[in-house]
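# Overview (structure and organization)
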Amino acid sequence: NVGQEELRQIYHDSRALIFPSTMESLGLPLLEAQAAGLPILAGELDYVRDVVEPVQTFDPASAISISRAVKRFLGGTVENEIIITADDFLQKVQS
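Residues numbered from 1 in each chain as written. Predicted model: local features only at pLDDT ≥ 70, side-chain atom pairs only at ≥ 80, totals over all residues. Heavy atoms only, no water.

## Brief notes about the nonpolar core
- Core analysis: the biggest nonpolar cluster contains 11 residues, these being Y11, L17, F19, L30, A33, L38, I40, A42, Y47, V48 and V52.
- The contact partners of V52, leaving out residues within four places of it in the chain, are L30, Q34 and I40. (Core = buried A, V, L, I, M, F, W, Y, C linked by side-chain atoms within 4.5 Å. Buried < 20%, exposed > 50% of the residue type's maximum accessible area, 1.4 Å probe, protein only. Contact = heavy atoms within 4.5 Å.)

What follows is the structure in structure tokens.
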């Protein structure tokens with residue numbers, strides 16, 4: 001649990017809100033981030049768009065989709081990426 005002033009500081013220090021939740025809610029974090037002027041990256045879900053207009057959307061069930069949305073937000077390219085599994089990555093870095 002964080003206090004209101006600490007929460008304001010967290011939003012102030014952040015570059016964006018990444019909201020991967022799949023549970024429909026009142027959208028309080030979305031509204032707080034919007035009020036703080038933060039760009040929002042969120043799941044492509046109806047309830048999200050009922051509350052805010054995100055700058056990037058993604059499939060919240062896909063880590064690849066989320067990472068691509070973050071890369072787009074940061075200005076990176078996502079074309080021609082080679083996607084590998086976690087096991088392939090571990091084998092690559094352990095060799």
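Still to come is the rest of the account.
## Considering the sheet that holds strand β3 (residues 56-58)
- Strand order in the open sheet formed by 3 strands is β1-β2-β3, and the pairing between neighbours is parallel. Only two strands of the sheet have a single neighbouring strand rather than two, namely β1 (17-19) and β3. Neighbour to neighbour, the strand axes of the sheet diverge by 15° on average, direction disregarded.
- For strand β2 (residues 40-43) and β3, the ladder comprises 3 bridges, and the chain directions are parallel. Each bridged residue has a counterpart across the sheet, and for L41 the counterpart in β3 is Q56.
- Lying on the sheet, helix α2 (residues 28-35) is in contact with β1 and β2; it crosses β1 at an angle near 160°.
- Contacts between helix α4 (residues 63-73) and the sheet are confined to β1, β2 and β3, with β3 contributing the most and set at about 170° to the helix. (Pairing = 2+ DSSP bridges. Helix = DSSP H or I, 4+ residues; strand = E, 2+ residues; numbered from the N terminus. Axes fitted to C-alpha atoms, helices over the stretch in contact; angles between N-to-C directions.)

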